[in-house]
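Below, each chain spelled out in residue letters.
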Amino acid sequence: MSNDSISVLASNAAYLAELYQLYQTDRSLVDSAWADFFDQSEYAKEVGNGQIHAQQSVTTAAAGENANATAERIVEAFRRYGHLQANLSPLAVGGVSHRACHDLNSASYSHTGQALENFTFAGVPVQSLNELFRLVRNVYCGTIGFEFSHITSGEEREWLQGRIEGRIAAEGVPSADKQREIFKHLLYGDLLEAELHRKYVGAKRFSLEGNDTLMPLLNDVLERCARTGVAEVIFGMAHRGRLNVLVNTLGKPLEILFSEFEDKTLATVVGAGDVKYHLGYESTYSSEGSRVRMALAPNPSHLEFVNPVIEGIVRAKQDAVPGRDRRRVLAVAMHGDAAVAGQGIVFETLNFSNVEGYTTGGTLHIVINNQIGFTTTPDESRSTRYCTDLAKGLDIPVFHVNAEDPEAACWVARLAVDYRNEFGKDVFIDLIGHRKHGHNEGDDPTFTQPLTYSEVKGKIPIWQQYANVLKARGTVDDVFVQESESQFREIFSSAQSRVRPGAEGPACPLYGKLVSSGGATRVSSDVLKQIADELVAYPEGFVPHPKLAKIIEKRAETVHAGEAIEWGVAEALAFGSLVLDGVSARLSGQDCRRGTFSHRHLVLDDFEKTGVWSPLERLGERTDRAGRFEVYNSTLSEASVLGFEFGYSATARSALVVWEAQFGDFANGAQVIIDQFVASSETKWGQLSGVTLLLPHGFEGQGPEHSSARLERYLQLCAEGNMSVCYPTTAAQHFHLLRRQGLQEIKRPLVVMTPKSLLRLPAAMSRIADFTDNDFQPVIEDGATGSGSADTLVLLSGKVYYDVQTALKEFPSSRVVVARLEELYPFPAKLLAGLRERTKASSVIWVQEEPQNQGAWSYVAPLIRETLGIDPRYVGRPAAAATATGSGKRHTLEQQMIIKELLALIS
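Residues numbered from 1 in each chain as written. Predicted model: local features only at pLDDT ≥ 70, side-chain atom pairs only at ≥ 80, totals over all residues. Heavy atoms only, no water.

Draft legend 1. Fine view of the overall build of the protein chain. When its secondary structure is counted, the protein chain shows 36 helices and 24 strands. Across the 907 residues of the protein chain, 57% fall into the buried class. Across the protein chain, every contact between residues at least 6 apart in sequence was considered, and the portion connecting residues at least 24 apart equals 80%. Carbon and sulfur atoms form 49% of the exposed surface of the protein chain, whose accessible area is close to 36400 Å². (Helix = DSSP H or I, 4+ residues; strand = E, 2+ residues; numbered from the N terminus. Buried < 20%, exposed > 50% of the residue type's maximum accessible area, 1.4 Å probe, protein only. Contact = heavy atoms within 4.5 Å. Areas by Shrake-Rupley, 256 points an atom, 1.4 Å probe, with all protein chains shown as cover.)

In structure tokens:
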């Protein structure tokens, strides 16, 4: 090697020495380029000859510092980077590997042989840097990798340092009873998988094997919760290991699970239902007199989309706790390693953690890390070292733990719960194991990962590994192990004998049959005026925006005058009257405090100083029986926010829970939540939700992204009484619709096409009598525009009514009845049949402003034909790929053509 080369290498000697040390251990631990370099170069010889010295890399500053200062740098380095060389993966092939780190190499520091003066680490006196290296490496480079140096709070970092570095001295090896408890959880988890695999060969169950340590880890989470005052835990997870969690954590009876495997459940004859690894369960965990309620939320195969749902469930439960103590209810979100890095819904939900309207005081995240996603390796599925790296951007600590060290995993579980309770923040546990089988039990993983699965094939189960450890300690013997196995197999066999024969014969689905009317939705004028007065009852010292003050004062005046009550006022009256009726209301969405179209203003900003005021919030504080009103501007997300509100409404069953899209067009960003939860949760899981969707909709020349809420998609999802879809045309109808939803005892989702241009349209405003004397009307009949009986029945829904109404006023001789379908689903068949009977109309025209392949036409046409016995004629835009034109002039022309075609048909 040349002198120049030696000089270059010497300047980076410590780094090279570290790489070379890893290379000597296993050449796969270093990058292939470095492995080739060490294979071919004379580096080893030069090191042996002493021509390259690690000490040469020490900077002048470092060389001049004393040993204690160096010791401090060493400790800080391991706190920050120790995880890079921790023993985290049970796999030698395809798993997370050690990474070279200059700061963790003793050759990078001077004074390594010098004595330290009065230096302690984790309460242990340390005599030399060499001794310190052994201690810090033992703490930070064992089977747990700690990432917390990124946290900005010094208090949190110091708290974690104290717990981490004091672990060995404070806790040591668990008690013998605790060791046996861990062993049994591992054993029962693995034997459940083995027995299911034997009994139901080839059946999908998405085995936990390779990450069995999840079972004792979850037990320690629940145990810690019981000891620290957490009253309830809500779990959310995908299908990997779900059956094991259902049986061994939540205590779901084995005979029920067997019935599901053998297809002997009620769903066999009733229909609907879902596969066994999507279902939820509820039970109670008991420990030393303390009880923790626990539930696993049902979840579709759309992996991480249950995350915002459980956050909403937890928030609703916390809001029902006196004082809203967030610590009392805990969300535990279990993720897959590929999904936690790949699914955007994960970060959208994490972003709730410190947002006022959505925080739950800290969520415990557990990654069931198989180090593979279906057939995709980590380097193919993410750009980061760890699948959890996104958490660091939100100041969340991450604890990586080797699944083959169950004692370490259980300790981390306790640490995580304590951190959450102490600081009210999210925390991640990355449980790194492997997957014994393919993605499912019928899949062959050797097609794509032959080397990894060659290694996996030779592994013994974690419970057997741990049993060997306990035998060596004298904690258990072969007799104890054999008796434990026999006990579980007896439990398994006994449960099989209790499986009942499946139900037989036809059955009628119950979904949607049980309904509860909201009753009368009208409200007295005195109550409406009381609410209107509250809108302008500014607290002392509060200064409203001068322009806005005039607008709000005028709104209150319209209620007292009883005329020209616009949409935003009607909505405020609906919320306020529900609150006075004892019904809580929650509204969230992007910019919804003000309203996208500046129409709501239910939270006002002080014009002169920092501060806000919500009149309806104060209204709820007037009496003990009043409900609570809350309105929150949401994060800029559709999927996670709607998922959250779905979960909230599924729990707060008596409340009115409303999500508003900024524009209805944007709701398709939440399509997974709409399809998999909102529309089908009742029929799949028996999970009711009364979430209300307000979706601004209407063709006004604003282009294809600001015109359509895709009414047709919601109508396509309607069946079995699963939800209501409405398109109200007046302020009073909106008022009654919200009140009907809020007052119903059995709530199902409500989807409302809300207006934009109608918000302030005089014709869409209402008189106070419309609020005090009427209820919600599914169909509004305008009556014949001419004399005598009607020839034509014009049916329509929504904003286009006002275009038709204006046009027909110019043709008083037309013998036409116009009827607005304010509620499209459930379809108002009886009301329309009665209308036909009264009018004796011989023809029916359906008018809409949406393209023919969109809007309500495809839904209503067969129903009109079936109900009235008449083939309806279509009037509207022709079928189109996009929802609307981007040209304002073209839009106006198209609207005119719709009216022209209608008039031609009825003239």
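Draft legend 2. Quick peek at the environment of Asp803. Along the chain, the position of Asp803 falls in helix α33 (residues 800-808). A residue is classified by how much of its surface remains accessible, and Asp803, at 29% relative accessible area, is partly exposed. Distance from Asp803 to Ile899, taken between C-alpha atoms, is 7.4 Å for residues 96 residues apart in sequence. Once residues within four sequence positions are removed from consideration, Asp803 is found in contact with Gln895 and Ile899.

Draft legend 3. Structural detail: the pairing of strand β11 (residues 585-589). Burial within β11 is extensive, with 5 of its 5 residues counted as buried. The alternating pattern of β11 places Ala585, Leu587 and Gly589 and Arg586 and Ser588 on opposite faces, both of which are buried. Bridging between β11 and strand β14 (residues 629-633) involves 5 bridges; their strand directions are parallel. Bridge pairing in β14 links Ser588 to Tyr632. (Pairing = 2+ DSSP bridges.)

Draft legend 4. Looking closely at the pattern of salt bridges. Counted by the stated rule, this structure contains 55 salt bridges. Residues Lys317 and Glu232 are paired through a salt bridge, measuring 3.0 Å at the closest nitrogen-oxygen approach. One end of the pair, Lys317, is in helix α15 (residues 306-319); the other, Glu232, is in strand β4 (residues 232-237), with 85 residues separating them in the sequence. Judged by relative accessible area, Lys317 falls into the partly exposed class, the value being 24%. Look at Glu232 and you get buried, because its relative accessible area is 8%. One connected set of salt bridges, linked through shared partners, spans Arg315, Asp319, Arg324, Arg326, Arg628 and Glu630. (Salt bridge = Lys/Arg side-chain N within 4 Å of Asp/Glu carboxyl O.)

Draft legend 5. Structural view of the environment of Arg80. With respect to the helices and strands, the residue Arg80 is situated in helix α6 (residues 67-81). Measuring from C-alpha to C-alpha, the distance between Arg80 and Tyr140 comes to 9.2 Å, with 60 residues separating the pair along the chain.

Draft legend 6. Local environment of the sheet that holds strand β8 (residues 363-369). Strand order in this open sheet of 8 strands is β3-β9-β10-β8-β7-β4-β6-β5, and the pairing throughout is mixed. Bordering the open sheet on either side are β3 (144-147) and β5 (281-287), each of which pairs with just one other strand. Across the sheet, the mean angle from the axis of one strand to that of its neighbour is 20°, orientation sign disregarded. Packing against the sheet, helix α11 (residues 214-227) makes contact with β4, β5, β6 (290-296), β7 (329-336), β8 and β10 (427-432), and its axis sits at approximately 65° to β5. (Axes fitted to C-alpha atoms, helices over the stretch in contact; angles between N-to-C directions.)

Draft legend 7. Expanded view of the packing of aromatic side chains. By the definition in use, this model includes 32 aromatic pairs. Relative to Phe492, the ring of Phe258 has its centre 4.9 Å away and its plane inclined at 65°; by these criteria the two rings are edge-to-face. With a gap of 234 residues between them, Phe258 in helix α13 (residues 254-261) and Phe492 in helix α22 (residues 478-497) connect regions that are remote in the sequence. Here Phe258 and Phe492 have matching classes, each one buried. Taken together through their ring pairs, the aromatic side chains of Tyr188, Tyr200, Phe258, Phe261, Phe488 and Phe492 make up a single cluster. Seen from the ring of Trp411, Arg167 lies directly overhead, with NZ or CZ sitting 5.0 Å from the centre. The ring of Phe261 carries the charged tip of Lys276 above its face, separated from the ring centre by 4.4 Å. (Phe/Tyr/Trp six-rings, centres within 6.5 Å; stacked < 30°, edge-to-face > 60°. Lys NZ or Arg CZ within 6 Å of the ring centre and 35° of its normal.)

Draft legend 8. Structural view of unusual backbone geometry. Residue Pro826 is bonded to the preceding Tyr825 through a cis peptide linkage, with omega at 0°. By the element assignment, Pro826 lies in the loop between β22 (823-825) and α34 (829-839). Unlike most non-glycine residues, Phe374 shows phi in positive territory, near 55°. Turning to its location among the elements, Phe374 is positioned in the loop between β8 and α18 (378-381). Residue classification places Phe374 among the partly exposed residues on the basis of a relative accessible area of 42%. In this model, Glu720 sits at a positive phi of 55°, which is unusual for a non-glycine residue.

Draft legend 9. Up close: the nonpolar core. In terms of nonpolar packing, the biggest core is built from 102 residues, with Leu132, Phe235 and Leu364 touching the most fellow members. In terms of residues, this core owes the most to one element, helix α19 (residues 406-423), which gives 11 residues. Among the nonpolar cores identified, the runner-up in size contains 84 residues, and Val329, Ala709, Tyr727 and Tyr825 belong to it. (Core = buried A, V, L, I, M, F, W, Y, C linked by side-chain atoms within 4.5 Å.)

Draft legend 10. Highlighting the sheet that holds strand β16 (residues 692-696). Ordered by their spatial adjacency, 7 strands build an open sheet running β14-β11-β15-β16-β18-β17-β22, and the pairing between neighbours is mixed. This sheet does not close on itself; its edge strands, each paired only once, are β14 and β22. Looking at each pair of strands side by side, their axes are set apart by 20° on average, direction ignored. Note: strand β17 (residues 724-726) against β22, 2 bridges, orientation antiparallel. What sits directly across from Cys726, in β22, is Glu823. Contacting β15 (656-660), β16, β17, β18 (750-754) and β22, helix α31 (residues 731-743) runs over the sheet at an angle of about 165° to β18.

Draft legend 11. How the structure looks around helix α8 (residues 154-165). Helix length check: α8, at 12 residues, gives a terminal C-alpha distance of 16 Å against a target of 16 Å (1.5 Å per residue), a fit within 8%. Within the span of α8, buried status applies to Glu156, Leu160, Gln161, Ile164 and Glu165. Buried positions in α8, seen along its axis, are confined to an arc of 140° and lie on one side of it. The exposed residues of α8 that point more than 90 degrees off its buried face are Glu155 and Glu158. (Expected span 1.5 Å × (residues − 1). Arc of directions from axis to C-beta.)

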